[in-house]
Amino acid sequence: MLDGPEVKVIYTKRYLPDERDENTVEQASGAADAGIPAMPEETQGWDGFVAKWNHMIEKSVYLPLPWKIKNLREYIKLAIRFSSEYEIGIDIKDHFYYTSVTLYYFCGVYDGAFMTMLAALIDMSDKFTSLIPADKSCDFIISLDYFTHDHYAEGKKLNF
């Protein structure tokens, strides 16, 4: 089993899209999937991965970043406001040394104020990831991480 800091859900909200043209979504999704190469098979197996993960967790040290901890509340408030104003699905989770904001988008046209608020949220974030979900629960996902601690294992900084 994988051990590590407990993840706590801070806030979650989903919005349903208005009417979607499923044929258009399926065609766009199929075209996007066509260019993605298959992932290579695991070379070490699950047990090897779990052993390395648990070793890393045992050797982990977390150093607080006071200015980031102080601004965390503003980050969360901005993310919730953004989700609410534009009806964007959201999950906010506390992972102990960072907070993740995951946004679930449907295709649409968004105004300049939307872009300004999204840019402010991205600017406050330390890491940005975008994904296309396999389950078609939305059109695409943006995941943002806000680090409140520097994470080190065996002297190496892991969150960068």
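Residues numbered from 1 in each chain as written. Predicted model: local features only at pLDDT ≥ 70, side-chain atom pairs only at ≥ 80, totals over all residues. Heavy atoms only, no water.

### Remarks on the overall build of the chain
As a reminder of what qualifies: Only DSSP runs of H or I covering at least 4 residues are called helices, and only runs of E covering at least 2 are called strands; the numbering of each starts at the N terminus. Note on definitions: a residue-residue contact is assigned when non-hydrogen atoms from the two residues lie within 4.5 Å. For the area figures, the Shrake-Rupley method with a 1.4 Å probe applies, and any residue is considered shielded solely by the protein chains shown.
Within the chain, the regular secondary structure consists of 4 helices and 8 strands. Along its sequence from the N terminus, the chain presents helices and strands in the succession β-α-α-β-α-β-β-α-β-β-β-β. The contacts in the chain between residues at least 6 apart in sequence include a share of 70% that link residues at least 24 apart. In the structure as shown, the chain presents an accessible area of about 10800 Å², 58% of it carried by carbon and sulfur atoms.

### Some points on the sheet that holds strand S7 (residues 149–153)
Note the threshold: DSSP-based pairing: two strands are paired if at least 2 bridges between them are found. A fitted line through C-alpha atoms serves as each axis, taken over the contacting stretch for helices, and the angle formed by two N-to-C directions is quoted from 0 to 180°.
Taken together, the 3 strands give an open sheet; going across it, the order is S2-S7-S8, and neighbouring strands pair in antiparallel fashion. Unpaired on one side and paired on the other, strand S2 (60–64) and strand S8 (156–157) mark the two borders of the sheet. With 5 bridges joining them, S2 and S7 adopt antiparallel strand pairing. Bridge pairing in S7 places Tyr62 opposite His151. Its contacts with the sheet put helix H2 (residues 45–58) on S2 and S7, and the angle it makes with S2 is roughly 45 degrees.

### Remarks on helix H4 (residues 112–124)
Formally: By this rule, a helix spans an expected 1.5 Å times one less than how many residues it contains. Residue burial is assigned from relative accessible area. The probe radius is 1.4 Å, only protein chains are included, and a residue is buried under 20% of its type maximum, exposed over 50%, and partly exposed in between. Each C-beta atom gives one direction from the helix axis, and the arc is the one those directions make.
An ideal rise of 1.5 Å per residue puts 18 Å on 13 residues; H4 measures up with 18 Å between its terminal C-alpha atoms. The set of residues buried in H4 consists of Phe114, Met117, Leu118 and Leu121. Summarising the axial view, the buried residues of H4 lie within an arc of 100 degrees, below the 170-degree limit, and thus occupy one face. Turned more than 90 degrees off the buried face of H4, the exposed positions are Thr116 and Asp123. The secondary structure elements touched by the buried residues of H4 are helix H3 (66–86), strand S4 (98–105) and strand S6 (140–147).

### A look at the sheet that holds S4
Taken in spatial order, the 5 strands line up as S1-S3-S4-S6-S5 in an open sheet, and their pairing is antiparallel. Each having just a single partner strand, strand S1 (8–13) and strand S5 (127–131) make up the two edges of the open sheet. Across the sheet, the mean angle separating the axes of adjacent strands is 15 degrees when strand polarity is ignored. As judged from the 6 bridges shared by strand S3 (residues 89–94) and S4, these two strands associate in the antiparallel manner. Bridging across to S4, Lys93 finds its partner in Ser100. H3 contacts S1, S3, S4 and S6 of the sheet and is inclined by roughly 160 degrees relative to S6. Packing of H4 onto the sheet brings it into contact with S4, S5 and S6, and relative to S4 it is tilted by some 150 degrees.

### A closer look at the pattern of salt bridges
Put simply, the rule is: We define a salt bridge as a contact between a side-chain nitrogen of Lys or Arg and a carboxyl oxygen of Asp or Glu at a distance within 4 Å.
Inspection of every chain in the model, using the stated rule, returns 6 salt bridges. Across the pair Asp91 and Arg14 runs a salt bridge whose closest N-O atoms are separated by 2.8 Å. Residue Asp91 is found in strand S3, and its partner Arg14 is found in the loop between S1 and helix H1 (22–34); the two are separated by 77 residues along the sequence. Under the relative-accessibility criterion, Arg14 is labelled partly exposed at 44%. The closest approach of N and O atoms between Glu74 and Lys77, which form a salt bridge, is 3.6 Å. With Glu74 and Lys77 both in helix H3, this residue pair falls 3 residues apart, about one helical turn. The exposure class of Glu74 is partly exposed, given its relative accessible area of 43%. Residue classification places Lys77 among the partly exposed positions, given a relative accessible area of 48%.

Keep in mind these values describe shape, not function.
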